[in-house]
Amino acid sequence: MGAGGVAGWVGGRWMAARIAPIATVAAQLREAAFVRHARAEGKQPHVAHVESGRRDELGLLASALQEVAAGMERRIAAVAEDRTRFAAVLSGMEEGVLVLDRVGRVLLINPALERMLGCRPDEAIGHRWIEIVRQHDLNELIAAVLKSGEPKTAEIVVDEPGGRQHSSVTLD
């Protein structure tokens, strides 16, 4: 190998060593699924801290990526906490809650409404409301709210499995 080849090899190794910390952080940012996977297993995800030890452009870039990763980690933790609180509130409610998108697909249903309608979340989430709500008056009220976009309140008897009934319905 000639002098040019050696210099190229050394330069390439030098550059690779300097870029490696950046690549590590970038890979973690690109693969944000590691956070969801860790949380699903009950573990606290953590983005590795990588010190480049450099003050040049690559060192500054590595630091900036590290700050972005740490910020994402904090935001993900905050969203997870909010989601847990929200789920606890919905689960503890006696009132039924149904959240639909603009075309009437179910985005969320709480346990109280699941009991009232006699359905499971997997039967509701992602399906059109008309597929899970088997109450004619309630279906008409939901259709009217979706069409007008205006909140409505009505006295409707909603028959639950087991004979219980609910009579006041407000839709926003």
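Residues numbered from 1 in each chain as written. Predicted model: local features only at pLDDT ≥ 70, side-chain atom pairs only at ≥ 80, totals over all residues. Heavy atoms only, no water.

S.K.: How would you explain the overall build of the protein chain if you had to name every residue and give the values?
M.R.: Helix and strand counts for the protein chain come out as 7 helices and 4 strands. Secondary structure elements in the protein chain, listed N-terminal to C-terminal, are α-α-α-β-β-α-α-α-α-β-β. Of the contacts formed within the protein chain by residues at least 6 apart in sequence, a portion of 32% connects residues at least 24 apart. Carbon and sulfur atoms make up 57% of the accessible area of the protein chain, which amounts to about 11600 Å² in all. (Helix = DSSP H or I, 4+ residues; strand = E, 2+ residues; numbered from the N terminus. Contact = heavy atoms within 4.5 Å. Areas by Shrake-Rupley, 256 points an atom, 1.4 Å probe, with all protein chains shown as cover.)

S.K.: Please provide a residue-by-residue account of the nonpolar core, values included.
M.R.: In terms of nonpolar packing, the biggest core is built from 16 residues, with Ile109, Leu117, Ala124, Ile132 and Val133 touching the most fellow members. At the level of secondary structure, the elements contributing two or more residues to this core comprise β2 (106-109), α4 (111-117), α6 (129-132), α7 (136-148) and β3 (152-159). Broken down by element, this core gets its largest block of residues, 4 residues, from α4. (Core = buried A, V, L, I, M, F, W, Y, C linked by side-chain atoms within 4.5 Å. Buried < 20%, exposed > 50% of the residue type's maximum accessible area, 1.4 Å probe, protein only.)

S.K.: Lay out α7 with the relevant residues and their values.
M.R.: Spanning 13 residues, α7 covers 18 Å between terminal C-alpha atoms, matching the ideal 18 Å at 1.5 Å per step. Those residues of α7 that sit buried are Leu138, Asn139, Leu141, Ile142 and Val145. Along the axis of α7, the buried residues cluster in a sector spanning 165°; they form a single face. The outward face of α7, more than 90 degrees from its buried face, is lined by the exposed residues His136 and Lys147. Phi turns positive, to about 75°, at Gly149, one or two residues after α7. (Expected span 1.5 Å × (residues − 1). Arc of directions from axis to C-beta.)

S.K.: Quick one: what's the story with helix α3 (residues 57-92), residue by residue and with numbers?
M.R.: An ideal rise of 1.5 Å per residue puts 52 Å on 36 residues; α3 measures up with 52 Å between its terminal C-alpha atoms. Buried within α3 are the following residues: Gly59, Ala62, Leu65, Gln66, Ala69, Gly71 and Leu90.

S.K.: Describe the environment of Pro111, and please don't skip the residues or the numbers.
M.R.: With respect to the secondary-structure elements, Pro111 resides in helix α4. Using a relative accessible area of 25% as the deciding quantity, one classes Pro111 as partly exposed. C-alpha separation for the pair Pro111 and Leu90, spaced 21 residues apart in sequence, amounts to 7.6 Å. Apart from residues lying up to four places away in sequence, Pro111 is in contact with Leu90 and Ser91.

S.K.: Requested: an account of the side chain of Asn139, with residues and values cited.
M.R.: Of note, Asn139 is situated in helix α7. From its side chain, Asn139 meets the backbone oxygen of Val133 in a polar contact 3.0 Å long. If sequence neighbours within four positions are ignored, Asn139 has contacts with Trp129, Ile130 and Val133. (Polar contact = N/O pair within 3.5 Å; in protein donor to acceptor, adjacent residues only side chain to side chain.)

S.K.: Describe in detail the side chain of Asn110, supporting the description with residues and values.
M.R.: Positionally, Asn110 belongs in the loop between β2 and α4. Judged by its relative accessible area of 1%, Asn110 is buried. Here the side chain of Asn110 touches Leu113 through a polar contact of 3.1 Å, landing on its backbone nitrogen. Residues contacting Asn110, with those up to four places away along its chain left out, are Leu90, Met93, Glu95, Gly96 and Val97.

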